[in-house]
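# Chains, contacts and geometry: an overview
Next come the chains, spelled out residue by residue.
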Amino acid sequence: MTTPNTPIDVRSWLPGDAAAALEELGAEPYRGRQLFRALWQGRLASFEQLEVWPRALRARMAEAYRLDRVVPVTEQRAHDGTVKGLLRLADGEAVETVLLPHRYGWSVCVSSQVGCAMGCHFCASGIGGRRRNLTAGEIVDQVAWAASVAPGRVSRVDLMGIGEPLDNYRETVRFLRLVHEPTGFGLSYRHLTVSTSGLVPAILKLAEEHLPVTLAVSLHAPDDALRERLMPINRAYPLSKLLPACETYWQRTGRRVSFEYLLIQDVNDSTTLADRLADQLTFPAHVNVIPWNPVPEHPFRPSPPRQVAAFCETLLNRGIPCTVRRELGQEIQAACGQLRRSGAIPVQS
Ligand code: SAH
Ligand code: SF4
């Protein structure tokens, strides 16, 4: 039986939703499995293309449900192999998605909202606020786009594009389950990362979902005064609430939390602050240092490489694992924090 919560867009369906909906239409449950596989392994673009189905069933599906694909409007390629897609959604909104090359293969950085409500003072994605949440289907369809342009297998997905995934909790969790489905993309939870600016109640809820995904928390400062200047969310969830929630996440999932720390020259990049950060991390954690990527609207400068190295060195000396994120895709404004909606694009009829 379908429930009132069964999404109207079949891209958001888990195999169980598909089987129930098809049964309700009088079809055998195996049709649900067929549909799910065709959607994600066959890149089905319309019900019409399901030629193995009786015509009447295809027509009934088209009447009751939707199948909208994201449509690439532009694809930009950087010399380092990064590909950025501006993807149009069915209502004319747009988001950006980035495919990134690694030694181990390909990863994709997907958006979870059109815009972002968090208003961090260093990021391009929040300029203009949040227009709407993406559905789970719209998020997984970004993975499908990336898989269609990647020269190899996409083996990791990071919810690190536009938007705050935990401000769109329900669809984010549905997306994680969807992309993990063996007859879809079949990605291991360990290869999925949810990046958050620190919504404490949602972190605690995620810890109880039994989804051992990697949690990345955007910290960027080791004390409340400085963090508040950079991230308004810190007023609602200060470090005294955020860090214990991260510790709980580690305890409940067994997954070491990854902290993102972007380095802005003379703002948050001193070795004194690195020491203070080390004092705060009293449970297993990893710090990912990211030199700030320029966003013209924000008056900052990235820390010079010497300072980045000194910051990381200080953490390592204190026994905190630290890596410096490679700045892939900067040339095409595809690096962390540089993604935008780039305006709504009219739907072509
Ligand atoms: N909203 C989530 C995920 C999207 S932002 C979050 O904030 O975690 C993805 C990452 O990019 C975050 O760690 C964010 O802090 C970082 N970021 C934002 N603007 C940046 C910039 N200009 N340079 C480098 N990293 C940036
Ligand atoms: Fe939103 Fe993340 Fe950008 Fe902050 S850093 S404005 S939470 S996308």
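Our subject in this report is the structure included herewith. None of these values were measured; they are calculated from a predicted model. (Residues numbered from 1 in each chain as written. Chains lettered and ligands numbered in written order. Predicted model: local features only at pLDDT ≥ 70, side-chain atom pairs only at ≥ 80, totals over all residues. Heavy atoms only, no water.)

## With respect to the overall build of the protein chain
Threshold: Only DSSP runs of H or I reaching four residues or more are called helices, and only runs of E reaching two or more are called strands; each is numbered from the N terminus. As defined in this context, the radius of gyration uses C-alpha atoms, and a globule is described by 2.2 Å times the residue total to the power 0.38. Working definition: with a 1.4 Å probe on protein chains only, accessible area under 20% of the residue-type maximum means buried, over 50% means exposed, and in between means partly exposed. In what follows, a contact means two residues having at least one pair of non-hydrogen atoms within 4.5 Å. Surface accessibility follows the Shrake-Rupley procedure with a 1.4 Å probe radius. Residue values consider only the protein chains on display as shielding. Only four residue types enter the charge count, namely Lys and Arg as positive and Asp and Glu as negative; His and the chain termini do not. Charged side chains are reduced to one point each, which is NZ for Lys, CZ for Arg, CG for Asp and CD for Glu.
Secondary structure summary: the protein chain contains 11 helices and 12 strands in total. For 349 residues, the compact-globule formula gives about 20 Å, and the C-alpha radius of gyration of the protein chain, at 21 Å, lands near that figure. Along the first, second and third principal axes, the C-alpha atoms of the protein chain reach 70 × 40 × 35 Å. Burial status across the protein chain gives 57% buried among its 349 residues. For the protein chain, the share of sequence-separated contacts (at least 6 apart) that also reach a separation of at least 24 residues comes to 68%. Here the protein chain has roughly 14,900 Å² of accessible surface; of this, 51% comes from carbon and sulfur atoms. Counting 39 positive and 36 negative side-chain charges, the protein chain places the centres of these two groups 2 Å from one another.

## Concerning the nonpolar core
Quick note on the threshold: Nine residue types can take part in a nonpolar core, namely buried Ala, Val, Leu, Ile, Met, Phe, Trp, Tyr and Cys, and a core is a set of them joined through side-chain atoms within 4.5 Å. The domain boundaries here were taken from an automatic or database domain assignment.
Core analysis: the biggest nonpolar cluster contains 109 residues, and Leu35, Met61, Phe175 and Phe259 have the highest contact counts within it. A per-element tally of this core places helix H4 (residues 136-149) first, with 8 residues. Two domains share this core, each providing at least three of its residues, namely domain 1 (8-66) and domain 2 (71-332). One finds Leu100, Ile162, Leu328 and Leu339 within the second-largest nonpolar core, a separate group that totals 6 residues.

## Structural notes on the site of ligand 1
Heads up, the condition is: Near, as used in this document, describes a residue that has one of its heavy atoms within 4 Å of the molecule or strand being considered. N or O atoms within 3.5 Å of each other form a polar contact, as long as, within protein, one can give a hydrogen and the other can take it, and as long as residues adjacent in sequence are counted only when both atoms are side-chain atoms.
Lining the immediate surroundings of ligand 1 are 19 residues, of which Gly163, Ser195, Ser218, His220 and Asn293 lie closest. Within the backbone of Asn293, one N or O atom sits 2.8 Å away from a nitrogen atom of ligand 1. Contact with the protein chains removes 96% of the 530 Å² of surface that ligand 1 exposes when unbound. Listed by contribution, the elements that provide at least two residues to the shell around ligand 1 are strand E8 (192-196) and strand E10 (257-263).

## Some thoughts on the environment of Asn168
Turning to its location among the elements, Asn168 is positioned in the loop between strand E7 (154-159) and helix H5 (169-180). Between the C-alpha atoms of Asn168 and Ser112, which are 56 residues apart in sequence, the distance is 7.2 Å. Beyond its immediate chain neighbours, meaning those up to four positions away, Asn168 contacts Ser112, Gln113, Asn133 and Leu134.

## So, the pairing of strand E2 (residues 83-88)
Short version of the rule: The pairing criterion is simple: DSSP has to find at least two bridges between the two strands.
Counting buried positions over the 6 residues of E2 gives 6, a clear majority of the element. Here E2 shows two buried faces, one formed by Val83, Gly85 and Leu87 and the other by Lys84, Leu86 and Arg88. In this sheet, E2 lies alongside strand E1 (residues 71-77) in antiparallel orientation, the contact comprising 6 bridges. Paired with Val71 across the bridge in E2 is Arg88. Joining the antiparallel neighbours E1 and E2 is a turn of 5 residues, in which Gly81 adopts a positive phi near 100 degrees. One ladder, built from 6 bridges, connects E2 with strand E3 (residues 94-101); its direction is antiparallel. For Lys84, the partnering residue across the bridge sits in E3 and is Val98.

## Digging into the site of ligand 2
Stated formally: As a working rule, the residues Ala, Val, Leu, Ile, Met, Phe, Trp, Tyr, Cys and Pro are called nonpolar, Asp, Glu, Lys and Arg charged, and the rest polar, with Gly in that last group.
Taken together, the neighbourhood of ligand 2 is formed by Cys116, Met118, Gly119, Cys120, Phe122, Cys123, Ser125, Gly126, Gly163, Glu164 and Ser197. Grouping the constituent residues of the shell around ligand 2 by class yields 5 nonpolar, 5 polar and 1 charged.

## As for the state of the cysteines
In plain terms, the rule: The disulfide criterion is simple: two cysteine sulfur atoms within 2.5 Å.
The tally for this structure, following the rule as stated, stands at 1 disulfide. A disulfide bridge connects Cys312 with Cys322, and the sulfur atoms are separated by 2.3 Å. Classification of the bridge connecting Cys312 and Cys322 rests on its S-S torsion, roughly -110 degrees, and on that basis the disulfide is left-handed. Of the two residues, Cys312 is situated in helix H11 (residues 305-317) and Cys322 in strand E12 (residues 322-324); the sequence distance between them amounts to 10 residues. Judged by its relative accessible area of 8%, Cys312 is buried. Residue Cys322 is classed as buried on the basis of its relative accessible area, which comes to 10%.

## Points about the packing of aromatic side chains
Any two aromatic rings considered together are summarised by their centre-to-centre distance and by the angle between their planes. Selection criterion: Only rings of Phe, Tyr and Trp enter the pairing, Trp through its six-membered ring, and a pair is recorded when the two centres are within 6.5 Å. The plane angle decides the type: under 30 degrees is stacked, over 60 is edge-to-face, the rest tilted. Charges are assigned to positions over rings by a cutoff of 6 Å between ring centre and Lys NZ or Arg CZ, combined with an angular limit of 35 degrees from the ring normal.
Evaluation of the coordinates by the stated rule reveals 5 aromatic pairs. Taking 4.7 Å as the distance between ring centres and 35 degrees as the angle between the ring planes, the aromatic pair formed by Tyr261 and Phe311 counts as tilted. Of the two residues, Tyr261 is situated in strand E10 and Phe311 in helix H11; the sequence distance between them amounts to 50 residues. Across this residue pair, the class does not change: Tyr261 and Phe311 are buried. One residue, Arg156, lies across the ring of Tyr104, its end atom 4.8 Å from the ring centre.

## Let's talk about unusual backbone geometry
The phi dihedral of His210 is positive, around 60 degrees, even though this residue is not glycine. The class for His210 is exposed, based on a relative accessible area of 69%. Residues other than glycine seldom take positive phi values, yet His220 does so here, at roughly 70 degrees. Using a relative accessible area of 3% as the deciding quantity, one classes His220 as buried.

In short, shape yes, function no, at least from these values alone.
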